[in-house]
Structures are given as C-alpha cells and as structure tokens.
Amino acid sequence: MKRSTKKCIIFGLVLSLIFIFALVAQGADKPVLRTLVFQGWARTPSLQKQVLEYEKLTGVKVEIEEVPFSQFHEKMILDFASKAGTYDFIGTLTDWFSELVRGGYIIPIDDYIKNDPPEDWPNTYPQALLNLQTKDGKLYGFPTHDGPIMLYYRKDLFEDPKEKEAFKEKYGYELQSPKTWAQFLDMAIFFNRPDQNLNGTVIAAKQGGQQLAYDFYLMLWSFGGDIFDENWKPIFNSQAGIDGLQYYADLRNKWGVTPKASTTYDETESGPIYLEGRAALMWHWSHIASWAEMEDRSKIIGKNGYTVFPVADPNIPHTTLDIHWFFAISSASKNQDETYELVKWLCNKENDKEAAFMGTVACRLSTFHDPDVLEKFPFYSGIEAALAGEAKTTPQIAEYAQVDDLIGIACSKVIAGEKTAKEALDEAAKQVEDLMAKAGYYK
Amino acid sequence: MSSIKNRRFNIPQLMVLPTIIFILAVSVYPLIYSFYMTLHDWSLTRAEPPTFVGIGNYISLFQDSRFWYSFRTTVIFTGWAVVMEMVIGMTLALSITRNTRFQQICRSILLIPMMITPVVLSLMWKYMYNPEYGIFNYFLHFLKIEGPIWLGEPSPALPAVIMVDIWQWTPFVFLLLFSGIASLPPDVFEAAQVDGATGFQTFRNITLPLVTPFLLVALLIRFMDSFRIFDTIYVLTKGGPANATETLSIYTYKVGFNYFNMGYAATLSYIILVIITIASQQFVKLEGKS
C-alpha cells in the first residue's frame, strides 16, 4: 500500500475517533436514567407519558424496561446484587422493602427531602403509606401506586327491585353489600347463575401467583387471626386461619360460586372476569374501582359498587390489606441526584392526579381530595378512610418471599383437597418457624 | 533446526489456546465456583458476605422433605416421558421406513415440534389446556364430558406437563431411531424373510438388537434432558398446583431466584449434576456392552 494512502486511512480513523468522542461527550452532559417495571403495571401508561414530558422539560432521557411480573423480583434483585447499576430507580413493592434495605440496595431520601421537599411536605401522603417505606426512622422512597383491597359488587344487580325481592324472600333479610362472610356466601349463591354466564364471585387461587397468599392473609384477619405474634412465631395456623382457609376453599369446592378454573387465575385474570360482567362479587385491589369506569377496560361502567372487606363475626373490626408500589433509588445508581429530581417530579401533584385518570391508584392526599378525581372516582374517599383505619400489611421481613411461597403451597394443597386446612397450615407454620429460627429471629 | 521444530510445535497449541481459555472460562470456572458456593451460606438479600458452612448445605438438603418430594416428581416425570417417547418414537420409526413421497412428507411434518422453542410451545399448550377456552375441553364438551382443569388440579397437571414433553421430543427419538434403522444392512432382513420369520420375530431378534446402540443414545439424551426439565413446567404451572409439578429444577430455581438463597441453590444444582452423571455413566456402560 502506498504511504500516502496509509496516511489518509490513519488520518480518517483519527478524525472518526474525535467525532465519536465529541458525540459521547455531548451526550454525557445529561445522564440517561433507567428503570424497570413489570408488564401490565397500572402505573406504566402514565409513567411512559410523563417521562417524555420530563425529557422535553429537562433534556434528561428516561428509559423504561418492562418484564413479566414473574421475572420482575428476580431481575431487580440480581441487578442490585451485582451492583451493575443498570437501573437508577425502580417502582417496587412494599413486600420487598425489607430485603432491599437489608441488602443495602436502595438509599434513604431524607437528606434530599430536607433540601428539596416535595409539594405539601410533610402532609403529602397518608402516614400509613409512608410507614411501609420507613425503616429505623429513614424514608426510602415515594409511594406511586396504591391498592388496598376492597370488596366490589354489581350495584345494578344489588339495587334491582326484582333481585331485592327475590333475595329477601329466599334469605329473609335485605339484599345489600355484604358485611359478613355469611352474607357474602348467601349473595354469592344467589347470584351464581351459570346459564347467564354469571358467577357468584371469582377468586385468584393459582399457586405461584401473586394473590393466593394475600387472600389467605385477608381471610385470616377477617376471621380474627394474625400471621405472626410479637416474637415472630407463626400463629396463622390458629382456628381463625383454619376456618378462613376452609371457607376460601369451600367457595370453589363446596359451593361452586367461583369458576372451577380459579386455581389457574392470578389477580390479572380474575379482575377482567369481574370487569367483563361475569361475577356479581369480588374482592380485589383498588385499581379495579378505577378500571371499572374506563371504557377500554370495563363492560360494567356505572355498575360497580365497593365496600369494606367482610368479616366472619360483626365484633371483628373490618380490615384490609395494604401493600403498594413506591419509587426507590438504587444505591448503585451513578445519577442519584438526578434520579431524586425525576422521582420527585413524577410524584408531584399534577402527575399524581394525571396518573389517577390513567388507571393508577394515586397516593397523594392532594389527589384524594381533588374534586375532579372524586367526581370520576368516588372510591378515593374510601381509600383514605381504609388507610386511616385498620389496614394491615404483609410481614415486613426480608424472608417474606419464602414465607409467601410456603403459605401459598399450603393454601393450594387445601384447595386441591390433598390436605385439610389444619394439616396444611400446621405444616406451613413448622416450615416458617424453622426458616425464622435459621434467620436468627429467635434468641 | 530444533528451534524451527519447537516453533512449529507451539503454533498448533497457540491456535487451540483461545478455545481452551473459552471452555475454562465458561465451563470449568463456573463449575468450580458453584461448588465453592455450595460450601457457603449466601443470601443475596443480606449485605453480609457469604459465610463458610462446610457441608452444612448438603446436610440440610438430605433433611429437606421438599427436596425428596421434588426428586420423586422428577423421577415420575422422567420415567413416563422417556418411556413414552421411546415407545412412540420406535413405532413411528418402524412405520415410516419407505421412501415414498407421502412418507417423506410425514417425516418432515413429524420434526416440526422439536423445532419450536420450548417456551413458545409451552405457551401454545397453556392456551390449549385452558379449561374455559382451550381446544381440549372444547372437544370434550362435544362428547358430553366435563373437561378437567388441566393445569389447575394436581391429578391432571403432571400428566398434562408430561404430554407436552412427549409431543415435543418424540420426533427427536424418531429421528435417531429412523437413522439407525435406515443404516441397517438389508440382507439380514432378506435372510429372515426367506427363513419365514414373522414381523414380530424379525423385530425382536434382528431389528431390536441392531438398533440398541441408537436406542441407548436416545435414551441417554432424553433422560438427561427430562431430568433437568424446567422451561415447560415454569411456563405451564410454575410447580403448582399444590406443588404437584415441582421438579428438582423448579425447586432449585425458586430457592435461587425467589428466595435468593444462592448457597443452597448451588447445592441443589450439584446434586442434580451428580445424579445425572451417575445415571449417564450406567447408560454408557450398557452401550459399551451392546
């Protein structure tokens, strides 16, 4: 090759390298922030819209990666554990809060709040929500999508005069939203009409799904029991737990008021069945109240009613399960300052309200009290009351994922008829106790 | 002269070196490191570093009733899947031996299932098994039979999952055995025909012994794959309902990627490796004898 040609090639390569570095340096002024969400998350549509607006405002690009829910927890923990710093922030679940803090994977944001608080601080959120992201007095994120469980019922059926008359004739009391499990069962049987493609209720009893263990906690609490005592000994195998689980299994096996296929449903499958008008009663997360009024998601617009979760005995206080999603900043993020700015912006008054209109269950008190929101979604007043009242949550321990799995297996065995409720819960309680002992909870 | 020889001697080694490094990095190092993990108590949800526990994980494993239950499920799955694949594969291989156009087309169609990605295939079967919209219950409905909740009840769940494996991997067995049968010398069969041997006698005394080496290879490969079955079960049932389909691989996955107990998950993986290695050696010995 001639010398002059070689010189030209080398000169061209050097110019290219300079050009590339210039481009990179230009892009390096503004970081690209990355987050991970799961497919079907109710917050995603509003998040996708809002990050584009944020980019226009600030020039900071935000990339959203979606994975199926079944892989979300795993992907999140593996990235955090590897300290790769792939994701700057995550919309994560309060169930996993303890393991994220214990692993040192997320950072407290108190110092950021001190210097740059969100609007209305400290009266931005219900304290019940903030409590689930606080450990040792440190706050680890802002709530972004809530969902206490509510009981839903078909208002159109329950308020129909003919239905009311027929129900009173059969059962001897007024047809109205059930407050006890006995009433719930009567109404579920009454409305269970396979010939009309209407089920009394629908449950999500799939083992390995998100909902089965949650349903057990709700039954346990509503029958007067609890999961752990003050020393972290499992007590869910009490008579309350046995009765609650048996009632739950009987909905399918004995009374047939929920589809037989309920053992293949997770909450993403049971919700649409109710929204399609194929169930008269259902308990589910709060977003259903929002989705029930959305044209692209519901065939029961204007027909959905909601009330408190029933109890076995009127003397037992009504409770609900509150877990929610919050934005947490990764400790491995190289852009923590920018990420806080983004998260604070995503959770401001305007964006929280917008999220409410796009299928999210918003978390700010300002949204709960907003007249536009209350007109479209009156259930927000119910959420604030539920959070102020007897809302309970899952055990805030790092071993929660395994406890959840063991309890889910026990419930599945009872529903399958392989074990009695007592046998299955006693076995699960022993396994959980061994797990907690090994983790050092007992001295 | 000797320096030129040495240079020639080193060049082939240098050419192979990248491959060796790659194999060491991708196979040997992970194997050694994962064994190291089995000797430690290591949870990804704790900030503390791994703690050395010696054979503690192995002791826990042998005392773990859930390990034994998933081992039993794996043996049942493997037993049924492999046996059925051998029987159906052999039957197909014996039936489609002529080189007619029709049989050529049949052979091509038969290979389609094993070309499909297991996850995609499992999703297809999940929809077919749907108790409300799936095709199986749809046809059962015409026969006035109430279809089971295929993946939602323990008794049909494991057979349902086994059926998917059989459907996907019988073509592999068929292909192997068909190649074996096609390579057999025809004069032996002509001699048997002349001697008046029946079809069954020919199969039992000539075909089967001659095809045995191929049978053992198919058996070995299908055993190793079935014993490690994961993706099909993960997509269809995730080990449920009531843990009816929780095989060793599914349990190992849960321990590693749901509970993040990496030391114990590594231990489970090693035990699976040991079981497969021991069983495979027996197959290889049998093959040597045959």
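Fair warning: this is a prediction, and the values are worked out from it, not measured in the lab. (Residues numbered from 1 in each chain as written. Chains lettered and ligands numbered in written order. Predicted model: local features only at pLDDT ≥ 70, side-chain atom pairs only at ≥ 80, totals over all residues.)

### Details of the overall build of chain A
Counted only if it meets this: Segments assigned H or I by DSSP are reported as helices when at least four residues long, segments assigned E as strands when at least two residues long, and all are numbered from the N terminus. We call two residues in contact whenever the C-beta atoms placed from their backbones are within 7 Å.
Across its full length, chain A carries 20 helices and 13 strands. When the backbone C-alpha atoms are referred to their principal axes, chain A occupies close to 100 × 55 × 50 Å. Taking contacts inside chain A between residues at least 6 apart in sequence as the whole, the part at least 24 apart equals 73%.

### Digging into the overall build of chain B
What counts is decided by this rule: The globule rule used here is 2.2 Å times the number of residues to the 0.38 power, and the radius of gyration it is set against is calculated over C-alpha atoms. To assign burial, the other C-beta atoms lying within 10 Å of each residue's own C-beta are counted, with C-beta atoms placed from the backbone; 20 or more indicates buried, 12 or fewer indicates exposed, and intermediate counts indicate partly exposed.
Summing up its helical and strand segments, chain B has 13 helices and two strands in all. Taking 2.2 N^0.38 as the reference for a compact globule, 290 residues should give roughly 19 Å; the C-alpha atoms of chain B span a radius of gyration of 24 Å, well beyond that estimate. Dimensions of chain B, computed from C-alpha atoms along their principal axes, come out at roughly 80 × 75 × 30 Å. For chain B, buried positions account for 33% of its 290 residues. Put simply, 70% of the contacts in chain B that link residues at least 6 apart link residues at least 24 apart.

### Considerations on the packing of helix α3 (residues 65–95) of chain B against helix α10 (residues 199–227) of chain B
Residue and element names in this part refer to chain B. Put simply, the rule reads: Angles shown run from 0 to 180 degrees and are taken between the N-to-C directions of axes, each axis being a line fitted to C-alpha atoms and, for helices, limited to the stretch in contact. What makes a crossing left-handed is the near helix being turned counterclockwise from the far one by less than a right angle; a clockwise turn instead makes it right-handed.
The contact between α3 and α10 brings their axes to 9 Å, and the two run at 145°. When the axes of α3 and α10 are compared, the crossing they make is right-handed. Residues T74, F77, T78, A81, V82, E85 and M86 of α3 form the contact with α10, whose own contacting residues are A218, L219, R222, F223, S226 and F227.

### Looking at helix α2 (residues 44–58) of chain A
Residue and element names in this part refer to chain A. Our working rule: The span you would expect from a helix comes to 1.5 Å times its residue count less one. The arc under discussion is defined with respect to the helix axis, by the directions toward the C-beta atoms.
Here α2 spans 21 Å end to end across 15 residues, near enough to the 21 Å set by a 1.5 Å rise per residue. Considered for burial, the residues of α2 that qualify are S46, L47 and Q50. The buried residues of α2 occupy one face: seen down the axis, they fall within an arc of 90°. Exposed side of α2, more than 90 degrees from the buried face: L52 and K56 are the residues found there. Those residues of α2 that are buried are in contact with β1 (32–38), β2 (61–67), α14 (336–346) and α15 (349–357). At the C-terminal side of α2, G59 shows a positive phi close to 85°.

### A few points about the interface of chain A and chain B
Inclusion rule: Each residue is assigned to one class: nonpolar for Ala, Val, Leu, Ile, Met, Phe, Trp, Tyr, Cys and Pro, charged for Asp, Glu, Lys and Arg, and polar for all the others, Gly among them.
Contact with chain A, which involves 23 residues of that partner, is made by 22 residues of chain B. Counted by class, the side of chain A that touches chain B contains seven nonpolar, eight polar and eight charged residues.

### Structural notes on the UniProt feature "domain: ABC transmembrane type-1" (unreviewed entry) in chain B
What counts, and what does not: UniProt positions are given in the numbering used here, feature names are shortened, and annotations may be inferred rather than shown by experiment.
Per the UniProt record, "domain: ABC transmembrane type-1" (unreviewed entry) is found at residues 71–283 of chain B. Taken as a whole, residues 71–283 of chain B contains 77% helix and 0% strand, while its terminal C-alpha atoms sit 20 Å from one another.

### Structural notes on the nonpolar core
Selection rule: Defined on buried residues, the nonpolar core groups Ala, Val, Leu, Ile, Met, Phe, Trp, Tyr and Cys residues joined through C-beta atoms within 7 Å. Each domain's limits were defined by an automated method or a database of domain assignments.
If you look at the biggest cluster of nonpolar residues, it comprises 182 residues, and the most contacted ones within it are L245(A) and L177(B). Per-element tally for this core: the top contributor is helix α8 (residues 154–182) of chain B, with twelve residues. Structurally, this core is a two-domain feature, drawing no fewer than three residues from each of domain 1 (14–140 + 324–381) and domain 2 (150–321 + 395–438) of chain A. Here L245(A) is in contact with F216(A), M219(A), C411(A), V414(A), A421(A) and L425(A), once residues within four sequence places are set aside.

### Some remarks on the sheet that holds strand β3 (residues 89–93) of chain A
Residues and elements named next belong to chain A. To keep things clear, this is the line we draw: Paired strands are those between which DSSP finds at least two bridges.
Spatial ordering of the open sheet is given by β2-β1-β3-β12-β6, a layout of five strands whose pairing is mixed. Looking along the sheet, the strands with just one partner apiece sit at the ends: β2 and β6 (142–145). Direction aside, neighbouring strands of the sheet carry axes that sit 30° apart on average. Pairing analysis gives seven bridges linking β1 to β2, with the strands arranged parallel. Bridging from a neighbouring strand, T35 pairs with I64 of β2.

### With respect to the sheet that holds strand β9 (residues 279–284) of chain A
Residues and elements named next belong to chain A. Pairing is mixed across the open sheet formed by four strands, whose spatial order is β8-β9-β7-β10. Edge positions in the sheet fall to β8 (199–201) and β10 (304–307), since each of these pairs with one other strand and no more. Put simply, the sheet's adjacent strands are angled 25° from each other on average, direction ignored. Judged from the four bridges that link them, strand β7 (residues 150–154) and β9 form a sheet pairing that is antiparallel. For M150, the partnering residue across the bridge sits in β9 and is H284. Lying over the sheet, helix α12 (residues 267–275) contacts β7 and β9, oriented at roughly 145° with respect to β9.

### Re helix α19 (residues 400–415) of chain A
Residue and element names in this part refer to chain A. Taking 1.5 Å per residue, 16 residues should reach 22 Å; α19 reaches 22 Å between its end C-alpha atoms and fits that length. For α19, a buried count of 15 out of 16 residues is recorded, marking the element as mostly surrounded by other parts of the structure. Two residues or fewer past α19, G417 is found with a positive phi of approximately 80°.

### Some words on the packing of helix α11 (residues 239–253) of chain A against α19(A)
Residue and element names in this part refer to chain A. Applicable threshold: Each angle receives one of four descriptions, namely roughly parallel if under 35 degrees, roughly antiparallel if over 145, roughly perpendicular if within 65 to 115, and oblique otherwise.
Across the interface, α11 lies against α19 with an axial gap of 9 Å and an inter-helix angle of 45°. The orientation of α11 with respect to α19, classified from their angle, is oblique. Here the hand of the crossing between α11 and α19 comes out right-handed. Contact residues: α11 offers L245, A249, R252 and N253, while α19 offers C411, V414 and I415. Taken together, the residues that form the contact of α11 with α19 break down as five nonpolar, one polar and one charged.

### Observations regarding the pairing of β3(A)
All names here are of chain A. Buried residues dominate β3, accounting for five of its five residues. Bridge count between β1 and β3: two bridges; the pairing is parallel. Among the inter-strand pairings, T35 is bridged to a residue of β3, identified as F89. Across five bridges, the pairing between β3 and strand β12 (residues 325–329) is antiparallel. Residue F89 lies in a different strand from β12, and its bridge partner there is I329.

### Details of unusual backbone geometry
A cis amide bond links W121(A) to the next residue, P122(A), at an omega of 10°. One can find P122(A) in the loop between α5 (110–115) and α6 (127–131). With an omega of -10°, the peptide bond running from G240(B) to P241(B) counts as cis. Along the chain, P241(B) turns up in the loop between α11 (231–236) and α12 (248–257). In this structure, N197(A) is a non-glycine residue whose phi angle is positive, near 60°. Along the chain, N197(A) turns up in the loop between α9 (181–191) and β8. Judged by local crowding, N197(A) falls into the exposed class, with 9 C-beta atoms found within 10 Å. Although it is not a glycine, W232(A) sits at a positive phi angle of roughly 65°. Here W232(A) shows up in the loop between α10 (211–222) and α11.

### Some remarks on the UniProt feature "transmembrane region" (unreviewed entry) in chain B
All names here are of chain B. UniProt tags residues 12–36, 75–96, 108–128, 206–224 and 262–284 as "transmembrane region" (unreviewed entry). Here residues 108–128 runs as 86% helix and 0% strand, with 24 Å between its end C-alpha atoms. This span, residues 262–284, is 100% helix and 0% strand, and a straight line between its end C-alpha atoms measures 32 Å.

### A look at the domain arrangement of chain A
Interface size, as often reported, equals the accessible area lost upon joining of the parts. All names here are of chain A. Domain boundaries in chain A define domain 1 (14–140 + 324–381) and domain 2 (150–321 + 395–438). Between the C-alpha centres of domain 1 and domain 2 there is a distance of 31 Å. For the side of domain 1 that touches domain 2, the leading source of residues is helix α4 (residues 97–102), giving four residues. Considered class by class, the residues forming the side of domain 1 that touches domain 2 number six nonpolar, three polar and four charged.

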